[in-house]
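# Overview (structure and organization)
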Amino acid sequence: MMRRCMRGRVARLCLSSVVVLSSCKSTDRRETESPDRLRRLNVVVVTIDTLRPDHVQCYGYRHVETPTLDSLAQRGVLFDQAVAQTPLTPPSHASIFTGQYPTAHHVRNTGGFILPSSSRPLAKILQEQGWDTAAFIGSAVLKRIFGFNLGFAVYDDQMPKPGPSDEFREDPERRAGVVVDRAIKWLNAQSGKPFFLWVHLYDPHLPYNPPSPFQEQYKDHPYDGEIAYTDQQLGHLIDAVRKKATQGTIIAVLSDHGESLGEHGEYTHGVFLYDSTLRIVFLMSGPGIPAGMRIKQQVRSIDFLPTLLELMGGKAPDQVQGTSLVPTFSGKGVATSVSYSETLYPKMNMGWAELRSIRTGQWKYVRAPEPELYDLTRDPGETTNVIHQHPAETERFEALLKGMISSGGDGTTEQVETKLVDEQTVEELKSLGYLSGFAPRTYELTGQGVDPKDRIHILKLLAEAENPTAKASDPRRLNLLHQALAEDPDNPSLYYQLGGRYEKAGRYKDAMNLYRTALARGIQSGRLHSRIADLLLREGRKEEAISEYEKAAQFNPSDLDSQANLATAYLEKGRVADAERVFKWILTVDPDYAVAQNGLGLIAIERRHPAAARGYFERAVQLDPEMVEAQLNLGLIYKMAGDRARARSCFEAFLAKASRAQYARVIPKVRQELTSLQEEVQ
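My aim in this report is to walk through the structure given alongside it, one point at a time. (Residues numbered from 1 in each chain as written. Predicted model: local features only at pLDDT ≥ 70, side-chain atom pairs only at ≥ 80, totals over all residues. Heavy atoms only, no water.)

Glancing now at the packing of aromatic side chains. Two descriptors summarise a pair of aromatic rings, namely the distance from one centre to the other and the angle between the planes of the rings. Overall, the coordinates contain 17 aromatic pairs when judged by the stated rule. Geometrically, the ring pair formed by Phe79 and Phe282 is tilted, given 4.4 Å between the ring centres and 40° between the ring planes. Taken together, the positions of Phe79 in strand β2 (residues 77–83) and Phe282 in strand β8 (residues 282–285) put the pair 203 residues apart, joining distant regions of the chain. Summarising the burial analysis for this pair, Phe79 and Phe282 share the class buried. Judged by centre distance (6.4 Å) and plane angle (25°), the rings of Tyr365 and Phe397 are stacked. You can see Tyr365 sitting in strand β12 (residues 363–367) and its partner Phe397 sitting in helix α12 (residues 391–404), a full 32 residues away along the chain. Taken as a pair, Tyr365 and Phe397 share a single burial class, namely buried. Lying across the ring of Tyr496, Arg527 places its NZ or CZ 4.1 Å from the centre. Here the basic side chain of Arg538 rests over the ring of Tyr508, its NZ or CZ set 4.1 Å away from the ring centre. (Phe/Tyr/Trp six-rings, centres within 6.5 Å; stacked < 30°, edge-to-face > 60°. Helix = DSSP H or I, 4+ residues; strand = E, 2+ residues; numbered from the N terminus. Buried < 20%, exposed > 50% of the residue type's maximum accessible area, 1.4 Å probe, protein only. Lys NZ or Arg CZ within 6 Å of the ring centre and 35° of its normal.)

Following this line, the structure appears as structure tokens:
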């Protein structure tokens, strides 16, 4: 949830051990051992979010145009039965780039987990051997705060500022065209060293709202329109890559997971482990990769890293659990016949039971309160549960699952603790005196509880209430969420969604009461405390708001929006030292957080250090030119220093972008200052 209530106020101040499947390797070798020297090939990896392979033409779909993906398949290898390790973006990307299952890389859900700094993802491996590395990200779910910048010299994750209609969207995104343009600009500036470029395109994710002309062309199938648009932008990227590096480049395109689109009672992804969300696009082309080859054997996202490293003449680190697929290029079999998948989203986000699965070429076993078994050869749509007809297969797959559980002793339970700050940052946080009361959440994963299959009606209510393209009226959406909450009162997501609706409708007291009800029911969440704090600020109850922000920080110190609001509240109450501590902590987590730079500039003014203030404000404007508060503050600093030309430029930028409603009292004063400066020049 994006919060802007405090930013306007600023301007007015002046897994443990893991037993893995048979394809895993031992971890006896020390990670510090020097790896084999790799062939100096360029590597371009494009991950497309939420892309179902059966909605791509080269995978057999005839209702969408995907010429770029089709051409890539003709030039290289298409893996027909590729599957993800989880239907969630962050843990799936962690598996792609580390070659490990979620139980090993420890990124278990969207939010609440950080890729450990001790990990050895692809970018880190290549950077250590001299590659230029850069990533361009399409969604905030992969921002650097979650550790995915490890090994990247450039990690471009700056999301656009949301407008008023986006106030309650959690995951800001930017279109593929913006991401690709920034990636091409970086690519064209490369000087000749081998490079690794990762581009993440988020567009097929909900909401399905492709730009023109794709919106008109696919008006009845907007999900396909997003895919067609993404394919077009992918074409621009690949054209630029081929112009820059005419040879010696491996290009890989993978989706992180699919999309249910209503199948099995799920409308998006994350809740179930059916192939509608687990099957992925997986294409590779380049040196050592045959052209026009279609591989039918099951492969996994964890197999990408060892495959790429073998193509580059190296070997995967011993902790990698995937298997190189290079032998399949010559028709040989590989040890990928068993794939583990999981989703902790139902447990952590909905209050239901988590799900785990084992998939082979023939079978899909899902461990759930009511377990499931599907014969994929006869029933690829996974419509008929045959678990009672095949007890031997069920027993075998359950034994494999027990081998994947990282703790608990009996192989059926596991304790998972949310990881909101990485190890290095924890130490820095301690040095700032800011770890007191930090309370990570521990989840007991037993496979028991509410079966997600028994809450399909809740998913339907949520889908209708929250689909931004649905025609339901606001009162109708509220009624749907009320109904869902009445039937599922322990579901945390319903409180967030309904509370957001209340706030959007201006029903702030109803929202406050709802959030307090959730806390009273035992739902533990820093997000609830931060929402309450925002509402308290709206009422001018600053001391109470500070208390709630502090509670939010105890749950999640990496919630930088709440931290910035807390620091600003401290500053308004005259608690300058506390404000400085929090702003510095924010920059420890994200040095490019413009709000914190602006806040430290205000503190420098408070302490009569104009030179330091100028540096902070200039940095804030450089990081975020749309941050009008920093433009105003910097203009005032320039005016104090007698730099009238720069002062005028800043004031003009402020007036061009400042909200008339939010800055109604400030705008006339800035106009007066600008007029005064112009008169002085004349």
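This brings us to the nonpolar core. One finds Phe79, Phe196, Trp198, Phe304 and Phe654 to be the most contacted residues of the largest nonpolar core, which totals 146 residues. Tallying contributions element by element places helix α21 (residues 576–589) first for this core, with eight residues. One finds Val64, Phe136, Leu187 and Val281 within the second-largest nonpolar core, a separate group that totals 43 residues. (Core = buried A, V, L, I, M, F, W, Y, C linked by side-chain atoms within 4.5 Å.)

Quick look at the pattern of salt bridges now. If you walk through the whole model with that rule in mind, you get 46 salt bridges. Look at the salt bridges and you will find they share partners, linking Arg108, Glu342, Arg356 and Glu414 into a network. (Salt bridge = Lys/Arg side-chain N within 4 Å of Asp/Glu carboxyl O.)

Most of strand β3 (residues 132–136) is tucked away, with five of its five residues classed as buried. Along β3, one buried face is formed by Asp132, Ala134 and Phe136 and the opposite face, lined by Thr133 and Ala135, is buried too. Sheet topology note: the β3/strand β5 (residues 195–201) ladder contains five bridges and is parallel. Within β5, the residue paired with Thr133 across the bridge is Phe196. (Pairing = 2+ DSSP bridges.)

A separate point is the packing of α21 against helix α22 (residues 594–606). Working note: a packed helix pair is described by the angle between its axes plus the distance between those axes. Where α21 contacts α22, the axes come no closer than 9 Å and their chain directions differ by 150°. What the angle tells us is that α21 and α22 run roughly antiparallel. Here α21 runs over α22; the crossing is left-handed. The segment α21 lies against α22, with Val576, Ala579, Glu580, Phe583, Lys584, Ile586 and Leu587 engaging Val595, Ala596, Gln597, Gly599, Leu600, Ile603 and Glu606. Considering only residue class, the contact of α21 with α22 consists of nine nonpolar, two polar and three charged. (Axes fitted to C-alpha atoms, helices over the stretch in contact; angles between N-to-C directions. Parallel < 35°, antiparallel > 145°, perpendicular 65-115°, else oblique. Left-handed = near helix turned anticlockwise from the far one by under 90°. Contact = heavy atoms within 4.5 Å. Nonpolar A, V, L, I, M, F, W, Y, C, P; charged D, E, K, R; others polar.)

Moving on, we come to the packing of helix α14 (residues 456–466) against helix α15 (residues 474–487). Contact geometry of α14 with α15 gives a least axis separation of 8 Å together with a crossing angle of 160°. Taken together, the axis directions place α14 and α15 in an arrangement best described as roughly antiparallel. Two packed elements cross with a definite hand, and for α14 against α15 that hand is left-handed. Across the interface between the two elements, His457, Ile458, Leu461, Leu462, Glu464, Ala465 and Glu466 from α14 touch Arg476, Arg477, Leu480, Leu481, Gln483, Ala484 and Glu487 from α15. Looking at side-chain class alone, the contact of α14 with α15 contains seven nonpolar, two polar and five charged residues.

Neighbouring strands of a sheet are bound in pairs by backbone hydrogen bonds; such pairs are parallel or else antiparallel. As summarised here, the arrangement of the four strands in space is β10-β11-β12-β13, forming an open sheet in which the pairing is antiparallel. Only two strands of the sheet have a single neighbouring strand rather than two, namely β10 (339–343) and β13 (372–375). Along the sheet, successive strands turn relative to each other by an average axial angle of 15°, direction set aside. As judged from the four bridges shared by strand β11 (residues 355–359) and β12, these two strands associate in the antiparallel manner. Along β12, the bridge assignment pairs Arg359 with Lys364. Sheet contacts for α12: β10, β11, β12 and β13; angle to β12, the most-contacted strand, approximately 60°.

Turning our attention to the environment of Thr517. Note that Thr517 resides in helix α17 (residues 508–520). Separated by 22 residues in the primary sequence, Thr517 and Tyr495 place their C-alpha atoms 8.9 Å from one another.

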